[in-house]
Amino acid sequence: MSNGHSITATTEAETDPVTNSFLKDFLSLIKIGIVNSNLVTTFTGLWLAFQITNRNFLHELDLLFYTLFGAALIIAGSAAMNNYIDRDIDPVMKSKKGRPTVTGRFTPSAVLITSFSFLIVGEILLFMASTSAGVWGLAGIISYVVLYSMWSKRKHVSNTVVGSISGAIPPVIGWAAVEPGLSFGALALFLIMFAWQPPHFYALAMKRTEEYRAANIPMLPVVKGFKRTKVSMLLWILLLFPLPFLLMDLGIIFVILATVLNIGWLLFSIKGFRAEDDIKWATGMFIYSLNYMTILFVSMIIFSIFI
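Here is what the cut-offs are and how they apply
- Residues numbered from 1 in each chain as written.
- Predicted model: local features only at pLDDT ≥ 70, side-chain atom pairs only at ≥ 80, totals over all residues.
- Heavy atoms only, no water.
- Helix = DSSP H or I, 4+ residues; strand = E, 2+ residues; numbered from the N terminus.
- Rg over C-alpha atoms; globule rule 2.2 N^0.38 Å.
- Contact = heavy atoms within 4.5 Å.
- Areas by Shrake-Rupley, 256 points an atom, 1.4 Å probe, with all protein chains shown as cover.
- Lys, Arg positive; Asp, Glu negative; His and termini not counted.
- Charge placed at Lys NZ, Arg CZ, Asp CG, Glu CD.
- Expected span 1.5 Å × (residues − 1).
- Buried < 20%, exposed > 50% of the residue type's maximum accessible area, 1.4 Å probe, protein only.
- Arc of directions from axis to C-beta.
- pLDDT = per-residue confidence, 0-100.
- Polar contact = N/O pair within 3.5 Å; in protein donor to acceptor, adjacent residues only side chain to side chain.
- Patch = residues over 30% accessible without salt bridge, like charges linked within 9 Å, V, L, I, M, F, W, Y side chains within 5 Å.
- Salt bridge = Lys/Arg side-chain N within 4 Å of Asp/Glu carboxyl O.

Caption draft 1: Geometry of the overall build of the chain. For the chain, the helix and strand inventory stands at 14 helices and zero strands. When the helices and strands of the chain are read in sequence order from the N terminus, they spell out α-α-α-α-α-α-α-α-α-α-α-α-α-α. Here the C-alpha radius of gyration of the chain, 21 Å, is about what a compact globule of 307 residues would show, namely 19 Å. Each principal axis of the C-alpha atoms in the chain carries an extent, and together these give about 70 × 55 × 40 Å. For the chain, restricting intrachain contacts to residue pairs at least 6 apart in sequence, the fraction spanning at least 24 positions comes to 75%. Within the structure as shown, the chain displays about 14500 Å² of accessible surface, and the carbon and sulfur contribution to it stands at 69%. Where the 22 positive side-chain charges of the chain centre and where its 17 negative ones centre are 12 Å apart.

Okay, structure coming up:
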């Protein structure tokens, strides 16, 4: 009996790290952080559309499932495809050397199969939610995989702006599932997400400038330098200022909160021109951008309850 128990214990000890390692690699492949953050914006679009159309989401949980699970799968599938496409440049980037496509833990064919499976199933679910949601899902896939990953990322300094198109689509997918015709609120969410992304990703690009230079990726800090990047970040943040007013239906308190967030980000951006440590400042800008998005979209959900 004792030998049996010791063998079992040993086996469990040996398999657990393997299981954990596989899970870690899988989550890295699908970029789980990006999946989660995009699901927040997808849910916000879905929720606001329910509120504005005076429908109770508790009566349409199937729609909620189709939309959120479908969106999660196409985002994960697109991320896996991005890893497949970038497997030749990721090895020279320190921050990406741990990806399973670089370490060899997942073969290219396995990554392709995973990606296409997720994309196909995800699209089926979105089309079950509504034709409009499915079409917007396809637009998101094409804009991220083709326009960004395959085309602009390696060729144009405007790659971040092109990539912002795909990042702005998830809340529209959520809205389209409930209201296929899309009202003005869906456009507002798209524009907010579109304008938020360049300063967010430029901050990250500044932190990884030398990595992108080594990989020959024409990110703005690599091609134009830090000062020009700071100017661009400032201009994109200024573009955010009028956008909360497109969501006046959420009330004046929401608009005030969004404006305060914008002012805080603007002041942080201006400080960058006097920063002694650009990387430290860029790290702070990146963290602020993440908090900005979370607070803004959660507050949309909260304030919509009182419409």
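More follows now that the structure is in view.
Caption draft 2: Representation of helix α5 (residues 108–129) within the structure. With 22 residues, α5 should cover 32 Å at 1.5 Å per step; its first-to-last C-alpha distance of 32 Å lies within 8% of that length. Of all the residues in α5, the buried ones are Val111, Thr114, Ser115, Leu119, Gly122, Glu123, Leu125, Leu126 and Ala129. Seen from one end, α5 has its buried residues packed into an arc of 165°, which puts them on one side. In α5, the exposed residues that point more than 90 degrees away from the buried face are Ile113 and Ile120.

Caption draft 3: Inspection of the confidence of the model for the chain at higher detail. Scored by pLDDT, the chain comes out at a mean of 92, with 93% of its residues at no less than 70. Least confident of the elements in the chain is helix α1 (residues 2–29), whose mean pLDDT is 59; most confident is helix α12 (residues 226–240), at 98. Counting contacts from residues 1–15, a segment whose pLDDT is below 50, to residues more than four positions away or on other chains yields zero contacts.

Caption draft 4: Quick peek at helix α14 (residues 278–304). For α14, spanning 27 residues, the distance from its first C-alpha to its last is 38 Å, which sits close to the expected 39 Å at 1.5 Å a residue. Near the N-terminus of α14, the side chain that reaches the backbone nitrogen of Ile279, with its oxygen 3.2 Å away, is that of Asp277.

Caption draft 5: Main features of the environment of Ile89. Tracing the backbone through its elements, the reader meets Ile89 in the loop between α3 (61–85) and α4 (100–103). With 62 residues separating them in the primary sequence, Ile89 and Trp151 have C-alpha atoms 14 Å apart.

Caption draft 6: View of the environment of Gly122. Tracing the chain through its elements places Gly122 in helix α5. Distance in space between the C-alpha atoms of Gly122 and Ala205 is 30 Å, their sequence separation being 83 residues. Dropping the residues within four chain positions of it, Gly122 is found in contact with Gly70, Leu73 and Ile74.

Caption draft 7: How the structure looks around the environment of Leu126. Looking at the element boundaries, Leu126 is found in helix α5. In this structure the C-alpha to C-alpha distance between Leu126 and Ala177, which are 51 residues apart in sequence, comes to 7.6 Å. Those residues in contact with Leu126, other than ones at most four positions away along the chain, are Tyr66, Thr67, Gly70, Ala71, Ile74, Ala133, Gly134, Gly137 and Ile173.

Caption draft 8: Fine view of a nonpolar patch on the surface. A grouping of Phe127, Val135, Leu138, Ile142, Val146, Leu147, Met150 and Trp151 is seen on the molecular surface, where their side chains present a nonpolar patch of about 700 Å² in accessible area. One can find Met150 in helix α6 (residues 131–155). Relative accessible area serves as the criterion here: at 52%, Met150 is assigned to the exposed category.

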